Structures are given as structure tokens and as C-alpha cells.
Amino acid sequence: MSIKKLLLKSITGRPLRSLALLFICAIMSGAVYGGAVVWASLDNGISSLEKRLGADIIVVPKSAGEKTKLEEMLLQGTVGYFYMDKSVSDELDKIDGVEKQSSQYFLVSASSECCSAKVQIIGFDEDTDISVKPWLQNSYSKRLGQNEIIVGSKLTTKVGQIFKLYGVECKAVGKLESTGTGVDTAVYASSDTVKGLIRAAQSKGISVLSKQSPDDVISSVYIKVREGYDIDEVTAKINLDIDGVQAVRTRSMITGTADKLSVLSAGITILIAAVCILSAVIMLVVFTALANERKGEFALLRVIGFSRARLARQVLGEAFVICVIGALAGIAAASAAVFPFGALIEKKADLPMLSPGILSVTGYALIAFSAVCVTGPLASAYSAYRLSRIDTGRILREGDS
Amino acid sequence: MIITAKGISKSYKRGKGGKGFVQVLSDTDLSIEGGKVYVIYGRSGSGKSTLMNILAGILSPSSGSVSYDGRDIYSLSDRELSALRCLSVGYIPQMHSAVGTLTVRENILLPSAVSEKPVDSARADELIDLLGLTELADVRANVLSGGELRRLSLARALVNSPSVIFADEPTNDLDDECAKLVVQTLHASAQAGAAVVIVTHELFARSDADVVLCMQNSSLVREKG
Ligand SMILES: Nc1ncnc2c1ncn2[C@@H]1O[C@H](COP(=O)(O)OP(=O)(O)OP(=O)(O)O)[C@@H](O)[C@H]1O
Ligand SMILES: [Mg+2]
């Protein structure tokens, strides 16, 4: 019989105790790891949201509706379109503090035409764009030609596929990475493509636009404010000076989401901390109680020739084995819970979720794993140390195993 | 192996806040040599177990020294002393002691596993048979009776064939026949060259012993040999 076997036997020989300890370790690692993954997913979602907005102010026609409706359309993928006169663009040029501006065109695909559901079509001006290009770059770096389209990640359309929008043959030339937002169900094209589509719709008798020609309208204008100007002041000035439009500060659209997120992430942090402290305390108490209960056994091992160091190794080894198994089980269980339910969480919490990359997930797993595998042995190290300082003869007298 | 204890004293803290002291051993000398059986007796609480623990290297004396073949064991490092205990000392504690999660055979083999020598399972089986533990060999130690545990302790102490054996009341919990068997087994070890020290109240053990010592007034009085 080897000493390794002694270690294993003392774990398997007390199944109930070992299982309880495994459970505590699993809870601790699962909480740290699962919490970190959820937190990072939310964080990823919000920063992709911010990046996507790029502009400081969005100007849309007053008829576009309330801010919340706008928010839903821009962030959550609710489809919609609206138009205002092109002259708004010239008026915006006169406003002090507007550094750059770029117009976009919105359109919604007729249902059952290309995709299973209605798709938001967004046309942007490639020469002036400040909000779309930067994150389209990864998918398609060339200029978009006529009727060339980039599709969102959730659409089933593959790159290279030809499909029809209002009877016009379009070609998917790129696919976006997942953003966890409404963009995932939208498609992007140049302004000219969208204008063409609007015309095609009109020729089919679908009244997207009442009187004007698509060349005279725009849907929205994205604005970058000049350095040194107050964004809120510029927003207010636009609202005051230009009739029939509403200017919305982009950041204010995501603050609702960001606020929710910060509350949630604070909650998660507190929860993780509480679970960790509680688990550490429980481990300390349990390992100390166990060491006390097994005093006689330890004294016996000393009598038959275990050195202090070897006894400490035995005690730490036992704790370590339990912690390793428990931590792995916790991480596995948390993975099984977090990833499949990510979508559910997204829906329930109404927050964009974006799973962190495999590298960061591995990192979180490692952190959770080490947290448990350090705490457990540390908790038992204390009792091991205390035990080794007392004369064996004395422990032998107290212990009766 | 010759074991010499010189001027051993031991006092324990006692009373509230550990302010008082109780002197259990004072200036005790003893010399033990291989091939002989020593019996120590004395009233309960007189310090017999304390002396055994000090001699076996698991309790440091307040003053005095214990040497094995001239080497002062309490000046050794913990590792050296542990190795010495493992290879040269067989100790049967007064309290029951066994690792409950291991079987009887595994418990008996424990010292042999700790020493890095190859495990001597033939010796273990021989002791298991001799002490009537054959049927219990694969039973977990946490179900054993007092007398069974006592015999397990003896087999465990002898498995490495140590050169000195300390047996603290090894016949407790045993019937007369078993008690005789245990003392006989210890005598056999002495005949094989080991020094054997037994703390016991059994009269027959006293009459068979080479040396009889009585613990009195914190000191040993030689009565025989
Ligand atoms: N750790 C300790 N702290 C305080 N007093 C102790 C301690 N260990 C032993 N004693 C006391 O020392 C005295 C001697 O104890 P010891 O166990 O050596 O006696 P003993 O002769 O073996 O007794 P018994 O025959 O009952 O086993 C006892 O009075 C005991 O109460
Ligand atoms: Mg005693």
C-alpha cells in the first residue's frame, strides 16, 4: 500500500464528508467562473453597442416617434423607416459645433421576400460615414458596389448568395460579426443601392415614400461634434433651430441599458464576493473541525514516522484533490448553465449578451480554479500547521480514533 | 540498540490560565538494551505514559536527554527523528489508534509503507495469523472492538521489526489468554534482539520480565534485574 493510496482512501473512505466538501468547492468555483462569464458577456455587449454608435448625435424626423421607439429600432432590431427632406443636411452644416455629418437611408424588406422575417435595410454614405464603416471593416473592406450588401450575423444568408429585395437582385458580399444587438438582423448597403430599392418598391406600387423622389430625402443624420463643444448644447441648438426634426444624443440612448448593466454587474460582483467569503469561511471551519476530529489519526501517523512536512503534505494533498475535483465540477456545471441560457438571460434581462472569447473564458476558468485550489489547502494548512507544532505525545493523549 | 535516558524531568502546565505546574517526572535515569524485556508499573497518573512518550521520541522532556546508541534524539531534526521512529521504534499507544478508513491489513502495513523499504506483506500476514486477526484482515478498522484494536496496534508496532518496542498497557481490553499471547509475542521480539519496554499491571508479565521498574514519586525504582 502506497502513501498515495492512503491519501485517496481517506477521501473515498469518508464519502459523505468528501462529497459535502466537493459541493462547497464546486459552488465557489461555479460562482466565480459563471459570474465572471455573465459579467463579461454583458460588458462585451455594451461596448459593442457603444462602438456601433460612433456618432455623438443622431438627427431623425420628428415623425420618427419617441426616443424609446428610436432606441428600439437602432439597438434592438425592431424594423422601421422614416424620411425627412434632404435640406436638413444643409441646415445642419450651419449649426456651430457640427464637425462631420453623414446621412443614412432606412428601408424594410417586404416580408417573405428574401428572409423569413422582415429585415431592416440600412443605406449609408461611404464617403462621409462615421458610425458604420469602422465595424464593417472586419467583414468587408472594399467599397460597396451597386446592389452589394453586407448581412447581419443572425441572418441565414451566406456570403456570395444572390437574393431579391423588391425584385432587385442583390449579392451578399460580407457577413458581420455578432454584436449581440439589433444590428445582427439588419443588412447594410450603399445609399445608392437603398435609393434604388426605394424606387423599385415604388414602381411595384408599394408606397414607401409619398410624393418625393428618393433623391430628395434622407432618414437620419449622424453627427460628430467638434472638439471643445458641449454635445448637449449642440443637440439643443439643433432641436431649436431646425423644424421637423429631433436630435438625440446617442449616449442617452444606451444609458438605459448601461445603467441596467452597471447595477447588474455590481450585483454580480457582490454576489461573487459573498459566495467566496462564505465558502472560504465554511472551508476554514470544516477543515479545522475535520483536523480536530482526526487528531488521533494524525498523531498516529506521526508516531509511525511521518515527519511534520509529510503530514502537512498529506493534509494539503487531501484538500487539494478535493478542491481540484470540486472546482472542475463547478466550472463544468456553470458552463453548462451559462452558455445555453445566455440567450434566455438576454431576453429576460433585456440586455445585449455577447459571449467572451475562448481565451477570456479559459482565463476566468483558471481564476476560479485557482481561487478554490488555493483557499481549500490554505484553510487546512492552518490546522495542519497548528497540529504539527504540538508534541505528538500530547495529541495522542487527547485523540482517540 | 542501547537507549539511555539521563536526568529526565517533565512538568505540565495545569490550572487556570496554565499558571500552576505539575511535576510528573523528576531527574529520572534509565538505560535500556536490546534482547531484554522491561516492565514498568505504578499507580495511575504516576507518569508511566509520559516516560514512554519521552523515550519513544514523541514528547520532549522539560530537561534531560534521551539518546539512541549515543545520539541525542531531541537534538535531531524533525525529519531525522521521524525516520528514526519509523525504522527503529515500535510504539503501542495506551489509547486506541487506527486509521478508520483503512482495513486491518492496511493499518498494519502502514509503517512499512512509510519507511521506503519494500512493503513486507509476509511479515504482516504472519503477525495477523499469530494475533488471531485473519478473519478481520480486510475489515475496516473503524468497526473493530477494543481488544481487536489492541492486537492491531501490536502487529503494526512489530511489522518493521524495530529494535526497540514500547508497549503502553498492551493487554488492556484483552482476556487472559489473549493477554498472555500478546506478552509472549513481545518476548519473542526480545529474543530476536529488540529492547522491549512494557507498561502493565499484569502480575505474570512482571514475573517473566528481565527488569521490573516501579514508577514512584516521579521517579523509577528498580525492583528486579
Ligand atoms: N498535557 C498534559 N497537561 C497537564 N497534565 C498532564 C498532561 N499529560 C499528562 N498530565 C498529567 O500527568 C500525570 C501523568 O500522566 P501519565 O499519563 O503519564 O500517567 P500514567 O502513569 O500513564 O497513568 P495511567 O496508568 O492512568 O495511564 C497525570 O496526572 C496527568 O494528569
Ligand atoms: Mg498511561
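Before reading on, note that the structure itself is shown above.
**Points about the packing of helix α3 (residues 104-114) of chain B against helix α4 (residues 121-130) of chain B**
Residue and element names in this part refer to chain B. At a minimum axis separation of 10 Å, α3 and α4 run at an interaxial angle of 125°. Taken together, the axes of α3 and α4 lie oblique to each other. Our pair here, α3 against α4, has a crossing hand that is right-handed. Contacts between α3 and α4 involve R105, I108 and L109 on the former and, on the latter, S121, A124, D125 and I128. Residue composition of the contact of α3 with α4, grouped by class: 4 nonpolar, 1 polar and 2 charged.

**Thoughts on helix α6 (residues 191-203) of chain A**
Residues and elements named next belong to chain A. Spanning 13 residues, α6 covers 18 Å between terminal C-alpha atoms, matching the ideal 18 Å at 1.5 Å per step. For α6, every residue scored as buried is listed here: S191, T193, V194, K195, L197, I198, A200 and A201. Here the buried face of α6 lies against β3 (98-108), β4 (120-124), β5 (148-151), β6 (162-165), β7 (168-175) and β8 (186-190).

**So, the side chain of T235(A)**
All names here are of chain A. Counting through the fold element by element, T235 comes out in helix α7 (residues 231-241). For T235, the side chain forms a polar contact with the main-chain oxygen of I231, separated by 2.6 Å. In this structure, T235 is in contact with I57, A247, V248 and R249, ignoring residues within four places of it in sequence.

**Topic: the coordination of the magnesium ion (ligand 2)**
Residues and elements named next belong to chain B. Looking at the metal site, the magnesium ion (ligand 2) is ligated by S49 (OG) and Q94 (OE1), spaced 1.9 to 2.1 Å from it. Placement of S49 in helix α1 (residues 48-56) and of Q94 in the loop between β6 (89-92) and α3 is noted, with a sequence separation of 45 residues between them. With relative accessibility at 33%, the residue Q94 sits in the partly exposed group.

**A closer look at the site of ligand 1**
Taken together, 16 residues are adjacent to ligand 1, and R397(A), S44(B), K48(B), S49(B) and T50(B) come closest. Those chains with residues close to ligand 1 are chains A and B. Here an oxygen atom of ligand 1 sits 3.2 Å away from a polar atom, N or O, in the main chain of S46(B). The protein chains hide 78% of the 640 Å² of surface that ligand 1 would expose on its own. Counting only elements with at least two residues in the shell around ligand 1, the list comes to α12 (392-398) of chain A together with β1 (2-14) and α1 of chain B. Counted by class, the shell around ligand 1 contains 2 nonpolar, 7 polar and 7 charged residues.

**Topic: the pairing of strand β11 (residues 245-249) of chain A**
All names here are of chain A. Summarising burial for β11: 5 of the 5 residues are buried, a large majority. Here β11 shows no split at all, with V245, A247 and R249 on one side and Q246 and V248 on the other all buried. In this sheet, β11 lies alongside strand β1 (residues 57-61) in antiparallel orientation, the contact comprising 5 bridges. Counterpart to V59 in the pairing with β11 is A247.

**What to know about the sheet that holds β1(A)**
Residue and element names in this part refer to chain A. Ordered in space as β6-β7-β5-β8-β4-β3-β10-β1-β11, the 9 strands form an open sheet in which the pairing is mixed. Of all strands in the sheet, those bounded by a partner on one side alone are β6 and β11. Recorded for the sheet is a direction-independent mean angle of 35° between the axes of neighbouring strands. Of the strands in this sheet, β1, β3, β10 (220-225) and β11 touch helix α4 (residues 87-94), which is tilted by about 160° from β3. The sheet strands contacting α7 are β1, β3, β10 and β11, and the helix crosses β11 at an angle near 170°.

**Focus: the interface of chain A and chain B**
The parts lose accessible area when they come together, and the size of an interface is often stated as this lost area. On the side of chain B, 31 residues touch chain A, which itself brings 29 residues to the contact. Regarding the contact of chain A and chain B, the summed buried area is about 2,700 Å², with carbon and sulfur atoms giving 59% of it. A salt bridge links E106(B) to K9(A); its shortest N-O distance comes to 2.8 Å. Counting across the chain A and chain B interface gives 7 residue pairs in polar contact (both at pLDDT 80 or more). Of all elements in the fold, only α1 (3-12), α9 (295-303), α10 (308-349) and α12 of chain A reach the threshold of two or more residues within the side of chain A that touches chain B. Within the side of chain A that touches chain B, the residues separate by chemical class into 10 nonpolar, 8 polar and 11 charged.

Cut-offs applied
Residues numbered from 1 in each chain as written. Chains lettered and ligands numbered in written order. Predicted model: local features only at pLDDT ≥ 70, side-chain atom pairs only at ≥ 80, totals over all residues. Heavy atoms only, no water. Axes fitted to C-alpha atoms, helices over the stretch in contact; angles between N-to-C directions. Helix = DSSP H or I, 4+ residues; strand = E, 2+ residues; numbered from the N terminus. Parallel < 35°, antiparallel > 145°, perpendicular 65-115°, else oblique. Left-handed = near helix turned anticlockwise from the far one by under 90°. Contact = heavy atoms within 4.5 Å. Nonpolar A, V, L, I, M, F, W, Y, C, P; charged D, E, K, R; others polar. Expected span 1.5 Å × (residues − 1). Buried < 20%, exposed > 50% of the residue type's maximum accessible area, 1.4 Å probe, protein only. Polar contact = N/O pair within 3.5 Å; in protein donor to acceptor, adjacent residues only side chain to side chain. Donors = N, O, S within 2.8 Å, 3.2 Å for Na, K, Ca; no water. Near = heavy atom within 4 Å. Areas by Shrake-Rupley, 256 points an atom, 1.4 Å probe, with all protein chains shown as cover. Pairing = 2+ DSSP bridges. Buried area = accessible area lost by both parts, 1.4 Å probe. Salt bridge = Lys/Arg side-chain N within 4 Å of Asp/Glu carboxyl O.

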